[in-house]
Amino acid sequence: MNSLAKTQKEKKMDKHIRINAHTPAVGALNFSYLLDAPAGKHGHTIVKDGSLYFEDGKRARFVGFNIPGSGIMPKKETAEAYAERLASIGCNVVRLHAEDNLRADRSSIIDYSEEGKGRKLHKENLDKLHYFVSELKKRGIYVQVDLHCYRTFTNIGDMENTPPKRQVKAMSIFNQKLIDLQKEYATQYLTTVNPYTGFALKDDPAVMCIQITNENSAFFVNVAELADPDRAPFELERKLRFNAFLLKKYGTREALAKAWTRNGECALLPYEDPEEGTVEPIEYGDYTQPYRDHRAYWVGLESPARYADYMEYGMELNKHYYKEMIDH
């Protein structure tokens, strides 16, 4: 009886709060006073002693949201309301995500039309994004800029193989043509001056960081992508690169076989030879690095010996990719 009475009392105390995403929070729910506008007034965000700071020495702390695709390319009147709403709830950073995605509604800053051919920026959408960034900046909201997320790489006759017509992971880490296209895109995206702020993204202190690639590594991929026949030549490249790595490290098949042998068991299969490019790489993990138990599966494709060498090879690919992109 008491329990029932308590429940009824609690219900009387309940008050429905209506949240309108188009209007800023007000009263006690308005946290815009926590923001230090405009974003970038203290200089670029830097890392010092493992923490984030601004160039003038002020400690940097961020809390915000991931906003993808068309959400970061709103109409101007929407951008103003959107930025005001975000500021009112205390958000001081927004991740500009998946701006390179090929979608039916054309919500991409890459121009995938016959004119742009997937190699130029979509001027109208870039202008919308620039205006949104300027409205965020005014209110003290920083941005994280993503580069490669879900881009569809197009072949205009200058590629030996046409990439799949969907997001590509892993192969964009090691295929040099795809890396060159990422650098070309980064140059266009980061150096175009935002007419509303007067800064290119690469120079704007309101950009708190730049992500080079999203959910990507030489070690893993969405396994469903592997069924696409257009991926086959890139997977062959991965295999040949792995074999070249093994040949450079061990010199001969005999030396590799010796290194991959434990208790009389050899992980190298009879048909495999790095000189012939026939040693199989490990299978991808599905958005996680694949697991191997060093106490079992010594022979064959799941051998921890094969796994260890592929991890070394994959880390070299990752480091080379990031160094090349960062240097660019």
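Residues numbered from 1 in each chain as written. Predicted model: local features only at pLDDT ≥ 70, side-chain atom pairs only at ≥ 80, totals over all residues. Heavy atoms only, no water.

Chemist: Looking at this structure, how should I read the overall build of the chain?
Modeler: In terms of regular secondary structure, the chain is built from 8 helices and 10 strands. Against the globule reference of 20 Å for 328 residues, the chain gives a C-alpha radius of gyration of 25 Å, more extended than a compact globule. Projected onto its principal axes, the C-alpha coordinates of the chain cover approximately 75 × 70 × 45 Å. Within the chain, the fraction of its 328 residues that count as buried is 48%. Restricting the contact set of the chain to residue pairs at least 6 apart, pairs at least 24 apart contribute 72%. Entry remark: accessible area of the chain is about 17,700 Å², with carbon and sulfur atoms responsible for 54%. Here the chain contributes 46 positively and 47 negatively charged side chains, and the mean placements of these two sets differ by 7 Å. (Helix = DSSP H or I, 4+ residues; strand = E, 2+ residues; numbered from the N terminus. Rg over C-alpha atoms; globule rule 2.2 N^0.38 Å. Buried < 20%, exposed > 50% of the residue type's maximum accessible area, 1.4 Å probe, protein only. Contact = heavy atoms within 4.5 Å. Areas by Shrake-Rupley, 256 points an atom, 1.4 Å probe, with all protein chains shown as cover. Lys, Arg positive; Asp, Glu negative; His and termini not counted. Charge placed at Lys NZ, Arg CZ, Asp CG, Glu CD.)

Chemist: When you look at unusual backbone geometry in this model, what are you seeing that I'm missing?
Modeler: Most of the time, phi is negative for any residue but glycine, and the peptide bond is trans. For the bond running from A37 to P38, omega is -5 degrees, close enough to zero to count as cis. Of note, D49 is a non-glycine position whose phi angle comes to about 55 degrees, a positive value. Position of D49 relative to the elements: it lies in the loop between β1 (45–48) and β2 (51–54). The residue A98 is not glycine, and still its phi comes out positive at about 60 degrees. Its place among the elements puts A98 in the loop between β4 (93–97) and β5 (110–111).

Chemist: Where do I start with the packing of aromatic side chains in this structure?
Modeler: Between two aromatic rings, the relevant description is the distance of the centres plus the angle of the planes. For the coordinates displayed, the defined rule picks out 14 aromatic pairs. With centroids separated by 5.2 Å and ring planes inclined at 20 degrees, the aromatic side chains of Y82 and F132 adopt a geometry described as stacked. Here Y82 is found in helix α2 (residues 76–88), whereas its partner F132 is found in helix α3 (residues 123–138), with 50 residues between them in sequence. Judged by its relative accessible area of 0%, F132 is buried. (Phe/Tyr/Trp six-rings, centres within 6.5 Å; stacked < 30°, edge-to-face > 60°.)

Chemist: Hey, could you run me through the nonpolar core in this one?
Modeler: Considering soluble globular proteins, one finds that nonpolar side chains tend to be buried as a cluster. Counting residues in hydrophobic clusters, the biggest one holds 36 residues, and the most contacted among them are L178, F242, L246, W260, V279 and Y310. Looking at this core, the elements that each hand over two or more residues are α4 (171–174), α5 (176–191), α6 (232–250), α7 (253–259) and α8 (304–327). Of all hydrophobic cores here, the second largest spans 30 residues; its members include A79, F132, I141 and Y185. (Core = buried A, V, L, I, M, F, W, Y, C linked by side-chain atoms within 4.5 Å.)

Chemist: For this particular structure, what's the right way to read a nonpolar patch on the surface?
Modeler: Together, L29, F31, Y33 and L34 give the surface a local cluster of nonpolar side chains, amounting to about 450 Å² of exposed area. Looking at where Y33 falls in the secondary structure, it is placed in the loop between α1 (2–13) and β1. With a relative accessible area of 61%, Y33 lands in the exposed category. (Patch = residues over 30% accessible without salt bridge, like charges linked within 9 Å, V, L, I, M, F, W, Y side chains within 5 Å. Salt bridge = Lys/Arg side-chain N within 4 Å of Asp/Glu carboxyl O.)

Chemist: What am I meant to see in the sheet that holds β4 here?
Modeler: Either a parallel or an antiparallel arrangement is found when strands of a sheet pair, and the pairing is made through backbone hydrogen bonds. Judged by pairing direction, the sheet is parallel, and its 4 strands sit side by side in the order β3-β4-β7-β8 without closing on themselves. Edge strands, defined here as strands with exactly one partner in the open sheet, are β3 (64–68) and β8 (207–213). Pairwise comparison of adjacent strand axes, ignoring direction, gives a mean angle of 20 degrees for this sheet. Pairing between β4 and strand β7 (residues 142–148): 4 bridges, direction parallel. Within β7, the residue paired with R95 across the bridge is Q144. (Pairing = 2+ DSSP bridges. Axes fitted to C-alpha atoms, helices over the stretch in contact; angles between N-to-C directions.)

Chemist: What am I meant to see in the environment of F242 here?
Modeler: Inspection of the secondary structure puts F242 in helix α6. A relative accessible area of 0% places F242 in the buried class. Once the C-alpha coordinates of F242 and K128 are considered, the two residues, 114 residues apart in sequence, prove to be 43 Å apart. Residues contacting F242, with those up to four places away along its chain left out, are V279, E280, P281, R306, D309, Y310 and Y313.

Chemist: Sorry if this is basic, but what is going on with the packing of α5 against α8 here?
Modeler: Packed helices, taken two at a time, are described by the angle between their axes plus the distance between the axes. Between α5 and α8, the shortest axis-to-axis distance is 10 Å and the interhelical angle comes to 30 degrees. Taken together, the axes of α5 and α8 are roughly parallel relative to one another. Note on packing geometry: the crossing formed by α5 with α8 is right-handed. Between α5 and α8, the residues in contact are Q176, I179, D180, Q182 and K183 and H320, Y321, E324 and M325, respectively. Here the contact of α5 with α8 is built from residues that sort into 3 nonpolar, 3 polar and 3 charged. (Parallel < 35°, antiparallel > 145°, perpendicular 65-115°, else oblique. Left-handed = near helix turned anticlockwise from the far one by under 90°. Nonpolar A, V, L, I, M, F, W, Y, C, P; charged D, E, K, R; others polar.)

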